[in-house]
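Now for the letters of each chain:
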Amino acid sequence: MLGGCNNYQAQPLSLSLSRLLAMAFASSITASLHGLSSNTLSRESYTASRICSSPLSLPQSSGPVSKLDLTCQWSQRKSLPFRICASVADVVRETSSEENQLAKGDIWSVHKFGGTCVGSSERIRNVAEIIVSDDSERKLIVVSAMSKVTDMMYDLIDKAQSRDDAYIGALDAVLEKHKLTALDLLEGDELTHFLSQLHDDINNLKAMLRAIYIAGHATESFADFVVGHGELWSAQMLASLVRKRGMDCNWMDTRDVLVVNPTSSNQVDPDYSESEKRLEKWFLQNSSKAIIATGFIASTPQNIPTTLKRDGSDFSAAIMGALFRARQVTIWTDVDGVYSADPRKVSEAVVLKTLTYQEAWEMSYFGANVLHPRTIIPVMQYDIPIIIRNIFNLSAPGTMICRTSVNEFEDRTHLEPVVKGFATIDNLALVNVEGTGMAGVPGTASAIFGAVKDVGANVIMISQASSEHSVCFAVPEKEVKAVAEALQSTFRQALDAGRLSQVAVIPNCSILAAVGQKMASTPGVSATLFNALAKANINVRAIAQGCSEYNITVVLKREDCVRALRAVHSRFYLSRTTVAMGIVGAGLIGGTLLDQLRDQAAVLKEKFNIDLRVMGITGSRRMLLSDMGIDLSNWRDLLRDKGEAADVEQFVQHVHGNHFIPNTMLVDCTADSGIASHYYDWLRRGIHIITPNKKANSGPLDQYLRLRALQRQSYTHYFYEGTVGAGLPIISTLQGLLETGDKILRIEGIFSGTLSYIFNNFLGTRAFSEVVMEAKEAGYTEPDPRDDLSGKDVARKVIILARESGLKLELSDIPIESLVPEPLRGNASTKEFLQQLPQYDQDIAKKRQDADDAGEVLRYVGVVDVVNQKGAVELGRYKKDHPFAQLSGSDNIIAFTTERYKQQPLIIRGPGAGAQVTAGGVFSDILRLASYLGAPS
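Fair warning: this is a prediction, and the values are worked out from it, not measured in the lab. (Residues numbered from 1 in each chain as written. Predicted model: local features only at pLDDT ≥ 70, side-chain atom pairs only at ≥ 80, totals over all residues. Heavy atoms only, no water.)

## Let's talk about the side chain of His569
- If you trace the backbone, His569 turns up in helix α19 (residues 561-571).
- Separated by 2.7 Å, the side chains of His569 and Ser340 make a polar contact. (Helix = DSSP H or I, 4+ residues; strand = E, 2+ residues; numbered from the N terminus. Polar contact = N/O pair within 3.5 Å; in protein donor to acceptor, adjacent residues only side chain to side chain.)

Right under this line is the structure:
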């Protein structure tokens, strides 16, 4: 049946009609090739299309239908301004009862099932079950063609136009697909009737495709008619199955009801007035509790078959929802709803419970998996909500698109995100038209976009500086060459005269859009967005925001797009703050840190929304890399068994190269000056650095100043709390004093946990060498105690604090009082040093006795004299009631004397040595960085 009406049972079409159809179509095409007049061509083409878009009213006869009978009907049909089936329907409608008149409103619910939902007989059964289970008083179901069928139908046309005989076999495949599905679903009269109609349709399609094959061309109307058959077949099968389940059900060929006016932009505009009239007439004779309607297809006002173009089935459902004034429109698909971002790019993307029409509109424009913007228009005027649901997960409530958004969170202690979601468009190019001659010249923008329109390019985004010096806009990359050539041609004179300086093309761009109705009039949204991008070291090339404030759009490098999407998604608390980490140095401190990360990872994810992914661990010889994050429960075994040869550059590239994680940090747990020399390059590449390694901040002054200047100028963070006091907040306290306007006068302290332990226990008659050996055996010293006793480590801490205080000192400017006897500073081994150290106990014992006689104690201290711009490391004497004399164990103590704390210094005291506290201090810096990157504080 060709576009048949439900109220008319057409007779099977004979072979002579198939030939006649082929002859008619071929003659219309051939006429154009032989130069017939435009009127003749138009009349022939119109006749052929009308035949193929209208059901044939064949005579009821027991005998065969002759070619003469059909020819007579055809000649009569050419003079009719309406479809033959309409004359039959009118007679029936005149006798219809008033009780069959269409009642609109909340009694109706509309469902739409896409091709995936009806892709097989089993899935069609699932759809039927959903329909039967719906307790709505009345329901209309819009169905697409079975999965892949529409593509198969277009392929038929392409093959026929190309004169490829394979179209015959391809059409047989279409027949077989639907025949097998029907045999599995239907039985009895329903099966017989459907298979009869199916074979008739296939025969007619063969005739049409043969005509296309002969002509080598298909008009748009013929193509639309061919591809629409998939919806006709799926609707008929589903309606038969629903009736089999015992429900009153009819199927609707929406070409009988839905009237649209094709536009010049590959779209159509529904004619709601005419469609409502046709719907009411259709319903008079087809009243039922359930209606299965074809999606995607419609008719022009001249009754010529057409389609609704892109996302046509969704559009059909929305139009039907508006025509019926339905309670809601449910779009069934294969996802749980609308996500806050593309889940293929952001694994933490969440399903949104609600979206406003405007939010859905904005997100769908930028490529999010939402409805096409035009689908929303029909339902908006009647405030009909659209619900997106997953047919494969009926427990998921889906996403509701409606007039006003409700709170996403039932728990009132949470706030709905200001930004509802993020969407991206890839494969764009930015075109920049720039020149001083543009300022104040009327018509420049019109000329620019007129040229773009002439080449048929689609402008995605526009941005113009208020100075009018430049206009930039984004277009699909495949169209940018034509756009650039058109602009060069249009503005050739202005370019030659210098009024325009350039028409520049910036390729390889992507667009990132933040969408949310609550963004309007909410201060700080833009600041938060751009801050998140900056901290992820992402440069923004262009910006646009409409005055509605529902959308902020930025243009980025294509390679930065996924990282940018993840950065902003996590920053607005829609997902965890995820940081890719690389641990450099898996020794005592690094290993302890990894164990702490392992023990705390679950708590950080659950309570603080922080996901720290250790993507690499490297020592001096071996490194372990992972694309998803190393399992820290057995990292030592993995490093030993699966590690590869260490390569610092390869290691850094791997950790920083994961575009799915927006932020990267490297944690240097070594004391290696070679590793510290890489800090500048790492910061320049946008990698955050956390370290207890003192070598960078106490190294050559020019390198230190260069490093800090870069860090201050960028959005990259460099935290080094552990370089001075292990886990004590010494650096942050000093920075806080300076940032609040205090003036540092003097910093004095016991900075070495090792030397603190030694002098806290160097009491009475105990020998100095004895206490040193005890400290080494307890693990407080370096493998060679001379590294501690030399005072160089304390001097580095003094230099770091001096430079933080504004002094420009080199390490060589710090006088150091070494506790290593001069004869033992040479090349002697550690064992030899410890054996010979007792020979020098008498000298330091004398100093202890002198101090004790004066009521004082010895303490090894570092001093930063800011007033006199100098520093020192020395063995000092302090009264027994001084805070420095009150220490025990390996505690550190630091006294800040400032303008505010002049009478009584600000004291910080606590453990200053040991792997646990040092690793804990580094861990604290890691969490501080995560907070700066967007984690809840």
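Back to the write-up after that little detour.
## A closer look at the environment of Val554
- The topology assignment puts Val554 in strand β18 (residues 551-557).
- The spatial distance from the C-alpha of Val554 to the C-alpha of Ala542 is 5.6 Å, given a sequence separation of twelve residues.
- Ignoring anything within four residues of it in the chain, the contact list for Val554 reads Ser510, Ile511, Leu512, Phe530, Leu533, Val540, Ala542 and Ile543. (Contact = heavy atoms within 4.5 Å.)

## Structural notes on the packing of helix α6 (residues 149-161) against helix α7 (residues 166-185)
- α7 packs onto α6 with a crossing angle of 160 degrees between their chain directions and a minimal axis gap of 8 Å. With respect to α7, the element α6 is oriented roughly antiparallel. Relative to α7, the crossing made by α6 is left-handed. Within the contact between the two elements, α6 uses Val149, Met152, Met153, Leu156, Lys159 and Ala160 and α7 uses Ala166, Tyr167, Ala170, Leu171, Ala173, Val174, Lys177 and His178.
- By residue class, the composition of the contact of α6 with α7 is eleven nonpolar, one polar and two charged. (Axes fitted to C-alpha atoms, helices over the stretch in contact; angles between N-to-C directions. Parallel < 35°, antiparallel > 145°, perpendicular 65-115°, else oblique. Left-handed = near helix turned anticlockwise from the far one by under 90°. Nonpolar A, V, L, I, M, F, W, Y, C, P; charged D, E, K, R; others polar.)

## What about the sheet that holds strand β20 (residues 610-618)?
- If you trace the seven strands from one edge of the open sheet to the other, you get β22-β21-β20-β19-β23-β24-β25, paired in mixed fashion. Here the strands that pair on one side only, and so sit at the sheet edges, are β22 (644-645) and β25 (718-719).
- Sheet analysis places strand β19 (residues 577-584) next to β20, joined by eight bridges and oriented parallel. Bridging across to β20, Val579 finds its partner in Leu612.
- Contacting β19, β20 and β23 (663-668), helix α20 (residues 588-608) runs over the sheet at an angle of about 155 degrees to β20. (Pairing = 2+ DSSP bridges.)

## Observations regarding the side chain of Asp865
- Relative to the helices and strands, Asp865 resides in strand β27 (residues 856-865).
- A polar atom in the side chain of Asp865 sits 3.3 Å from the backbone nitrogen of Val867.
- Those residues in contact with Asp865 that sit more than four places away from it in its chain are Leu745, Arg746, Leu807 and Lys870.

## Considering the layout of surface pockets
- The computed volume of the largest pocket comes to approximately 1300 Å³.
- In terms of lining residues, the largest pocket is bounded by 44 residues, among which Ala671, Lys694, Glu782, Asp788 and Asp793 are the most central.
- Elements represented by at least two residues in the lining of the largest pocket include exactly α20, α26 (722-725), α28 (753-761), α30 (786-789), α31 (792-804) and α34 (915-932).
- Considering every element that reaches the lining of the largest pocket, the biggest residue donor is α31, with four residues.
- In the lining of the largest pocket, the residues fall into 16 nonpolar, 17 polar and eleven charged. (1 Å grid on protein atoms, 1.4 Å probe; cavity = no way out; pocket = protein on both sides within 12 Å on 5 of 7 lines; lining within 4 Å. Points joined across faces, edges and corners; volume = space filled by probe spheres on them.)

## A few points about the confidence of the model for the protein
- Of all residues in the protein, 86% have pLDDT values of 70 or greater, and the mean over the chain is 85.
- Here residues 1-97 scores under 50 on pLDDT; set against residues more than four positions off or in separate chains, the count is 143 contacts.
- A low-confidence stretch, residues 406-414 (pLDDT under 50), is modelled with 15 contacts involving residues beyond four sequence positions or located in other chains. (pLDDT = per-residue confidence, 0-100.)

## Notes on helix α14 (residues 373-380)
- Within α14, seven of the eight residues are buried, which leaves the element mostly enclosed by the surrounding structure.
- Residues Pro373, Arg374, Thr375, Ile376, Pro378, Val379 and Met380 constitute the buried set of α14.
- Buried residues in α14 make contact with β5 (268-270), α11 (272-286), α12 (312-324), β9 (328-333), α13 (357-365) and β11 (386-390). (Buried < 20%, exposed > 50% of the residue type's maximum accessible area, 1.4 Å probe, protein only.)

## A word on the pattern of salt bridges
- Using the criterion set out here, one finds 48 salt bridges in the structure.
- With a shortest N-O distance of 2.9 Å, Glu276 and Arg325 are connected by a salt bridge. One end of the pair, Glu276, is in helix α11; the other, Arg325, is in the loop between α12 and β9, with 49 residues separating them in the sequence.
- We note a salt bridge from Asp793 to Lys694, for which the minimum N-O separation is 3.2 Å. Of the two residues, Asp793 sits in helix α31 while Lys694 sits in the loop between β24 (688-690) and α25 (701-713), which places them 99 residues apart along the sequence.
- By relative accessible area, which is 24% here, Asp793 ends up partly exposed.
- Among the ionic contacts, a cluster of salt bridges with common partners joins Lys104, Glu276, Glu280 and Arg325. (Salt bridge = Lys/Arg side-chain N within 4 Å of Asp/Glu carboxyl O.)

## Re the pairing of β18
- With six of seven residues buried, β18 is to be regarded as a mostly interior element.
- Examined bridge by bridge, strand β17 (residues 542-545) and β18 share four bridges and lie antiparallel to one another. If you follow Ile543 over to β18, its bridge partner there is Val554.

## Quick look at the packing of aromatic side chains
- In total, this model carries 15 aromatic pairs according to the counting rule given.
- Three or more aromatic residues link up through ring pairs in this structure, and these residues are Tyr679, Trp682, Tyr718 and Tyr720.
- One residue, Arg848, lies across the ring of Phe762, its end atom 4.1 Å from the ring centre. (Phe/Tyr/Trp six-rings, centres within 6.5 Å; stacked < 30°, edge-to-face > 60°. Lys NZ or Arg CZ within 6 Å of the ring centre and 35° of its normal.)

## Some points on the pairing of strand β12 (residues 399-402)
- Where strand β10 (residues 354-356) meets β12, three bridges bridge the pair, whose relative direction is parallel. Note that in β12 the partner of Thr356 across the bridge is Cys402.
- Note: β11 against β12, three bridges, orientation antiparallel. Each residue of the ladder has a partner; that of Ile388, found in β12, is Thr399.

## A few points about unusual backbone geometry
- One non-glycine residue, Arg325, lies in positive phi territory at about 55 degrees.
- The phi dihedral of Asn508 falls on the positive side, at around 55 degrees, and the residue is not glycine.
- Secondary-structure assignment places Asn508 in strand β16 (residues 502-515).

## Here we look at the sheet that holds β12
- Strands sit in the order β3-β6-β2-β1-β9-β11-β12-β10 across an open sheet of eight strands; the sheet is mixed. Since the sheet does not close on itself, it has two edges, and those belong to β3 (249-252) and β10, each with one partner. On average, each strand axis in the sheet is tilted by 20 degrees relative to the strand beside it, whichever way the strands run.
- Sheet strands touched by helix α10 (residues 229-244): β2 (138-143), β3 and β6 (290-294). Its angle to β3, the strand with the most contacts, is close to 175 degrees.

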